[in-house]
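# Coordinate analysis (summary)
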Amino acid sequence: YNPASAEARNLITNGVAEIVRNYDVDGVHIDDYFYPSTDAAYDNASYRAYQKEGGKLALAAWRRSNVETLIQQIYSAVKAENPKALFGISPQSSVANNYQAQYLDVEKIIQSKGYCDYICPQIYFGYDNDAQPYQETLNQWSGMMEGSSVKLYVGLAAYKVGTVDSWAGKGQNEWTNSNDLLKKMLLDARETHNYQGFVPYRYDSIFNPASTVKSAVEQER
């Protein structure tokens, strides 16, 4: 779906409202799917129409504005149906990737009202990961939460327990060499000033693991 399209945004928003209206849910959670492409051709027609109507924002800023509009619509729809229901977002853990590739300004929505009740960055990386080391990334997110009413829930990669993380560089064997990595991550998260909870991805990885990692998962548990 094109976030620039009011029709697409309304389709998503109406679907969210239907869920909260008809089912006894505690809230609505969305993942990091905002813009499916950085290619200018993806939404060129929409952007040209925006410019023709007098719009002055550059393409990237305009895309971020579209994402913000969508998020605000979803948040408002949830609260209109049930003020006590929560709305949260699970973005990539890389703030730069969110901003430049997904067109989500995480710092803005964290520090502004009307976007979400909690943020759950996918910090799915070990301590020795070359690109996104856990502790450094955790500290970055905790720092961004200062003064915000939005809660920080840390997303942890339960699905990596017992596996080789081929994209982690020197930390590729970290998940196979340790049997308490999630515990360490949880304890370190609890030491940060703005930590409010954690979310392991995913449930089956812990309670119905594949046979190849079952032993490692049992040790971790």
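First, a word on scope: everything that follows refers to the structure included in this document.

### Digging into the pairing of strand 4 (residues 151-157)
- Burial within strand 4 is extensive, with six of its seven residues counted as buried.
- Bridge count for strand 3 (residues 118-119) against strand 4 is two bridges, and the pairing is parallel. Across the sheet, Ile 119 pairs through a bridge with Leu 152, a residue of strand 4.
- You can see the chain leave strand 3, run along helix 6 (residues 134-144) and come back into strand 4, and the turn it takes is right-handed.
- In this structure, strand 4 lies alongside strand 5 (residues 195-201), joined through six bridges in parallel fashion. Looking at the pairing, Gly 155 lines up with Val 199 of strand 5.

### Concerning the nonpolar core
- Phe 87, Ile 89, Ile 119, Trp 141 and Val 154 are the most contacted members of the largest nonpolar core, which has 52 residues in total.
- Looking at this core, the element that brings in the most residues is helix 3 (residues 59-81), giving seven residues.

### Focus on the pattern of salt bridges
- Inspection of every chain in the model, using the stated rule, returns eight salt bridges.
- For the salt bridge of Glu 81 with Arg 21, the shortest nitrogen-to-oxygen distance reads 3.0 Å. Highlighted residues: Glu 81 in helix 3 and Arg 21 in helix 1 (residues 6-22), separated in sequence by 60 residues.
- For Glu 81, a relative accessible area of 32% corresponds to the partly exposed category.
- One salt bridge in this structure joins Glu 68 and Lys 108, with 2.9 Å as the shortest N-O distance. Pair noted here: Glu 68 is in helix 3 and Lys 108 is in helix 5 (residues 106-111), with a separation of 40 residues, a long-range link.
- Assessed through its relative accessible area of 36%, Lys 108 is described here as partly exposed.

Parameters at a glance
- Residues numbered from 1 in each chain as written.
- Predicted model: local features only at pLDDT ≥ 70, side-chain atom pairs only at ≥ 80, totals over all residues.
- Heavy atoms only, no water.
- Buried < 20%, exposed > 50% of the residue type's maximum accessible area, 1.4 Å probe, protein only.
- Helix = DSSP H or I, 4+ residues; strand = E, 2+ residues; numbered from the N terminus.
- Pairing = 2+ DSSP bridges.
- Right-handed = clockwise from strand over helix to strand, strands pointing away.
- Core = buried A, V, L, I, M, F, W, Y, C linked by side-chain atoms within 4.5 Å.
- Salt bridge = Lys/Arg side-chain N within 4 Å of Asp/Glu carboxyl O.

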